[in-house]
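Listed here are the chains, written in short residue letters.
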Amino acid sequence: MNPAQLLSHFDRISEAPAAIPRLRRFILDLAVRGKLIEQDPRDEPASELLKWIQEEKARLVKIGEIKKLETFEPVEVDEIPFTIPLGWEVIRMGWLARKLGAGSTPLGGKSVYQSAGVPFLRSQNVHDDGLRLDDVALISRSLHERMSGTHVQRNDILLNITGASIGRCALVPSNFAEGNVSQHVAIIRLVLSDIRQFIHLSLTSPFFQKVIDDVQVGVSREGLSMQRLRPFPMLIPPLAEQHRIVAKVDELMALCDRLEATQAERESRRDRLVTSSLNRLNNKVDPDTFRNHARFYFNHLPRLTTRHEHVKKLRGAILNLAFRGRLTSPWRETAEFVGTAQEFKLSVENARKKAWDNKQVASSSRKYLFPVEFDRENLPTIPDSWVWASADAVCSQITDGEHIQPRYQLEGLPMLTAKHVREGFVTFEDSELISESDFKKCIARCKPEEGDILVVSVGATTGRAAIVSQSRPFALVRSVLLLKPLISPVYFLRWLQSPWCFVWMRQASEASAQPHLYIGDTRRMPVPLPPLAEQQRIVAKVDELMALCDRLEAQLTTTQTESRRLLEAVLHEALSLRSKSEQGVVMCGGR
């Protein structure tokens, strides 16, 4: 690995997703393959190191610290899928350890924890970069003494063997006083502590992490047993080479730390600039100042939008500007309007009354229900030429899907749920089917048609909205609202997608334990109404700018793909350079 080469490409490489973590994994992978540093033929081979360990094990047996010398099957050649450098050995984990076992859980569980005492280490305390003791549990000294078989000692290696953090591994520092460990963590105490840093490095490398993943117990992959950990094949370089490898890894990881800090600071500055620029666009300023802010932002758009989150913020800003009249303010100054917003609102109310009349049958005595008033709290500022209306006033119907779930079957007509309402469109992917008779009952009250708006009304995606396009007939479940707009469906959808309206829907849905946007709340939702011509202009302008956002996202994806390829090329070149310096191959052995 050449740091100068890495730095020369860093600006482009860093655009690749997870570039720095990928570099860290690559460094560790080179280390355990013996490709990170040059070998020194003067080093005493690892076979001598194994003899030293064998002698120490015999001594420990003699003094009773180890019960007996255990034998292990030799490591097969196919267990290590790469060539092993000259002078290295490969041996089973159990052969290297004087103690290899899981911790234990005290009777009483968490109830035995107290405010003072001996540290009781759990999986959350074990991290690859060391122990984290800020949230360590404490147990009494008497309990610690009773759990004598799981005492943690300085220079031990702790390995998480269950849960989401399985494989995470920490070196216990030489200044560690005392502690105990839970059953979710294994203690690896080596016969020769001099090799602990290389063993720790090996266990955190991609190769050994894959070994750990592959040998977890059971179909549910709940944990790593000691029976599986003991025969792990461990690569052992000469001791002097181990020390040089560890030093080189530390050097390169420190470089990664600096690169990561540089990247984080650069992204932080860019995020602050994006936020500041978008805030200036959304602030209430005079038209000339707004144009200057907009010109600055769009002139620097490629530099400001380097992540998909930036484009998402831009989409939100565009909709905020649109529904505050900012996108059409220059147009309003010169446009010749036919009809006012108030006249348009009146025409919509007439259309609403007509739609109600058309639904009535001759024998019906139901009276026409006038639209409810809109929620007037904390409304955003709109131009003086616009008016507010409630969603109830601009829709001929607001309802929800079927409350009594029909039985699904193999054939029939589709019934869609909240998961079929995507951002702006409806999908039939993985939709369930109901019988024709059930379908007719469902659509008698709630019949989705082209141009209708669907809004998710329950759960984590509450507020997500889509337009019904030309499609086959379908029914809805109760977790989706159906709105039949009497104004432009696209204009209405864009309003529902705007940050202010989305927040309004989320807040309206928080009255219950689970987010739930009720029909009554939806009816009083405020909707800004410009004159019809300006609505059409807003839709056209928003579509134009959203198309720009689409191009930016495509460009970001392309840039990230190219950065990923460059990263892989640099890493491949580094690996090729190391391969040229290989001095030979040895066969796998065992003890």
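The rules behind these values
- Residues numbered from 1 in each chain as written.
- Predicted model: local features only at pLDDT ≥ 70, side-chain atom pairs only at ≥ 80, totals over all residues.
- Heavy atoms only, no water.
- Pairing = 2+ DSSP bridges.
- Helix = DSSP H or I, 4+ residues; strand = E, 2+ residues; numbered from the N terminus.
- pLDDT = per-residue confidence, 0-100.
- Contact = heavy atoms within 4.5 Å.
- Axes fitted to C-alpha atoms, helices over the stretch in contact; angles between N-to-C directions.
- Parallel < 35°, antiparallel > 145°, perpendicular 65-115°, else oblique.
- Nonpolar A, V, L, I, M, F, W, Y, C, P; charged D, E, K, R; others polar.
- Buried < 20%, exposed > 50% of the residue type's maximum accessible area, 1.4 Å probe, protein only.
- Core = buried A, V, L, I, M, F, W, Y, C linked by side-chain atoms within 4.5 Å.
- Left-handed = near helix turned anticlockwise from the far one by under 90°.

Colleague: Explain the sheet that holds strand β16 (residues 432-434) to me, please; I cannot follow it from the model alone.
Modeller: In any sheet, the strands associate via hydrogen bonds between backbone groups, in a parallel or an antiparallel arrangement. With mixed pairing, the 3 strands of this open sheet are ordered in space as β16-β15-β19. The open sheet has two edge strands with one neighbour each: β16 and β19 (475-476).

Colleague: Got a minute to help me understand the confidence of the model for the chain in this structure?
Modeller: As a note on interpretation, predicted positions should not be read in detail where pLDDT is low. Across the chain, pLDDT averages 85, with 84% of residues at or above 70. Across residues 580-590 the pLDDT falls below 50, and counting only partners more than four positions away or on other chains, this stretch makes 29 contacts in the model.

Colleague: How do you make sense of the packing of helix α17 (residues 489-497) against helix α18 (residues 499-508) when you look at a structure like this?
Modeller: Packed helices, taken two at a time, are described by the angle between their axes plus the distance between the axes. Two elements in contact, α17 and α18, have axes whose closest approach is 5 Å; the angle formed by their N-to-C orientations is 65 degrees. The pairing of α17 with α18 is recorded here as roughly perpendicular in orientation. In this structure, α17 contributes W495, L496 and Q497 to the contact, and α18 contributes P499, W500, C501, F502 and M505. Split into classes, the residues belonging to the contact of α17 with α18 amount to 7 nonpolar, 1 polar and no charged.

Colleague: Honestly, the pairing of strand β17 (residues 453-456) in this entry has me stumped. Any pointers?
Modeller: Side-chain alternation along β17 places I453 and V455 on one buried face and L454 and V456 on a second face that is also buried. Across 3 bridges, the pairing between β17 and strand β18 (residues 465-467) is antiparallel. Counted as the bridge partner of V455 is A465 from β18. Note: β17 against strand β20 (residues 480-485), 4 bridges, orientation antiparallel. Residue pairing for β20: I453 is matched across the bridge by L483.

Colleague: Quick question: what am I supposed to make of the nonpolar core here?
Modeller: As a rule of thumb, soluble globular proteins bury nonpolar side chains together. Judged by nonpolar contacts, the single largest core of 64 residues is most densely connected at L96 and I199. The leading source of residues in this core is helix α10 (residues 239-282), at 9 residues. In this structure, I199 is in contact with M93, L96, I157, L190, M234 and I236, ignoring residues within four places of it in sequence. Of all hydrophobic cores here, the second largest spans 51 residues; its members include W386, V455, W500 and L556.

Colleague: I would appreciate a short explanation of the packing of helix α3 (residues 19-33) against helix α7 (residues 196-203) in the present structure.
Modeller: Closest axis-to-axis distance for the α3/α7 pair is 9 Å, and the angle between their directions is 125 degrees. Taken together, α3 and α7 sit at an angle that is classed as oblique. When the axes of α3 and α7 are compared, the crossing they make is left-handed. Between α3, through L28, A31 and V32, and α7, the contact on the second element is made entirely by F198, L201 and S202. Among the residues making up the contact of α3 with α7, the classes are represented as 5 nonpolar, 1 polar and no charged.

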